[in-house]
Amino acid sequence: EEKTKLLNEHREQILEYLKLEIEYKTGRKILKSLEQHLETKEGTIDTDIVADYEKMFEEEMEKQAEDLGAEALKKNSKYLELDQLISSQMGNKTDDDDDLVCQEEEMTYIDPWSKKKIEIPVKNKSCTHIYDKATALKMISRTKGKVKCPVVGCANNHVKSGDLVEDLHIKRIIESQRD
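Since we're looking at a predicted model, the values are computed, not measured.

**Student:** What is the right way to read the sheet that holds strand β3 (residues 164–166) from this model?
**Tutor:** Two strands in a sheet stick together by hydrogen bonds in their backbones, pointing the same way (parallel) or opposite ways (antiparallel). An order of β2-β1-β3 is seen for the 3 strands of this open sheet, with the pairing classed as antiparallel. Among the strands making up the open sheet, the edge pair consists of β2 (130–132) and β3. The mean angle between the axes of side-by-side strands here comes to 40°, regardless of whether they run parallel or antiparallel. Sheet topology places strand β1 (residues 121–124) next to β2; 3 bridges connect them, and they run antiparallel.

**Student:** Mind showing me how you'd approach the packing of aromatic side chains here?
**Tutor:** The description of an aromatic ring pair uses the distance of the two centres, along with the angle that the planes make with each other. On inspection of all chains with the given rule, the structure shows 2 aromatic pairs. Note on Y53 and F57: the rings are 5.8 Å apart at their centroids and 20° apart in plane angle, and the pair reads as stacked. On the criterion of helical spacing, the pair formed by Y53 and F57 is a turn pair, its members being 4 residues apart in helix α2 (residues 49–63).

**Student:** Looking at this structure, how should I read unusual backbone geometry?
**Tutor:** A negative phi angle characterises most non-glycine residues, just as the trans form characterises most peptide bonds. A positive phi angle, near 60°, is found at K115, a position not held by glycine. Summarising the element assignment, K115 is placed in the loop between α5 (97–106) and β1. The exposure class assigned to K115 is partly exposed, which follows from its relative accessible area of 43%.

**Student:** Even after reading the chapter, I still don't get the nonpolar core, so can you show me in this structure?
**Tutor:** Buried together is how nonpolar side chains tend to be arranged in soluble globular proteins. Membership of the largest hydrophobic core comes to 13 residues, with the highest contact counts inside it found for W113, Y131, C149, V159 and L164. Judged by nonpolar contacts, the second largest core, of 9 residues, contains M107, Y109, I130 and I174.

**Student:** In this structure, what is going on with helix α7 (residues 168–178)? I would like to understand it.
**Tutor:** Every α-helix winds through 3.6 residues per turn, so residues three or four apart in the chain are directed the same way. Looking only at α7, the buried set comprises I170, I173 and I174. Mapping the buried residues of α7 onto a view down its axis gives an arc of 95°, with all of them on the same face. Opposite the packed face of α7, turned more than 90 degrees from it, sit the exposed residues L168 and R172. With a side-chain oxygen lying 3.2 Å from the backbone nitrogen of H169, the N-terminal cap of α7 falls on D167.

The rules we used
- Every chain is numbered independently, its residues counted from 1 as its sequence is written.
- Side-chain atom pairs in this predicted model are given and counted only at pLDDT of 80 or more, local residue features only at pLDDT of at least 70, and totals for whole chains, interfaces and linings cover all residues.
- Neither water nor hydrogens contribute to the side-chain values; these are computed over all heavy atoms in the structure.
- A pair of strands is treated as paired once DSSP finds two or more bridges between them.
- The secondary structure listing takes helices from DSSP runs of H or I that are at least 4 residues long and strands from runs of E that are at least 2 residues long, numbered from the N terminus.
- Note on geometry: axes are C-alpha line fits, over the in-contact stretch for helices, and angles between N-to-C directions span 0 to 180 degrees.
- Two rings from Phe, Tyr or Trp (for Trp, the six-membered ring) form a pair when their centres sit within 6.5 Å of each other. Planes less than 30 degrees apart are called stacked, planes more than 60 degrees apart edge-to-face, and all others tilted.
- Accessible area is worked out with a 1.4 Å probe on protein chains only. A residue is then buried under 20% of its type maximum, exposed over 50%, and partly exposed in between.
- Definition used in this section: a nonpolar core is a set of buried Ala, Val, Leu, Ile, Met, Phe, Trp, Tyr and Cys residues joined via side-chain atoms within 4.5 Å.
- By arc we mean the arc of the directions from the helix axis to the C-beta atoms, nothing more.
- What qualifies as a polar contact is a pair of N or O atoms within 3.5 Å, subject to a donor-acceptor requirement within protein and to the restriction that residues adjacent in sequence count only when both atoms come from side chains.

This is the structure:
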């Protein structure tokens, strides 16, 4: 129970981080725009840069309001990757099995290398992480078999094609989502 509570708190922290990251990138984009604007005006003093920044930032945040909601952030590839890591560390089942099943069926499985949707899921027997089969085999062949698991925090430094097995459970979920 306490472990689940802590893991949920970590998930909330991840969502907050993703929101801050979007706000940071938006702020950087606005600053770059203002910098270009100042260069074209060649240093005129009649502009209140702080007010312009605040106005532009507020307008941009209003445009991105949907992207900053919890449901949209939960579809972010970074969130999905970390959530998959959290779930694998605590095992596939908890006391909240019904909730997990419901979330799992709606989850988009993203390959940690390509950041694209997984077509054919394979599980690494060494670390239990999930990859897209084609991408994993391509990465292994490119690096002559010496490749580290791309999942953040994973200690597996030697992903081998012999350790990859097709994950039929996730494959069924992906296929059912296509229908």
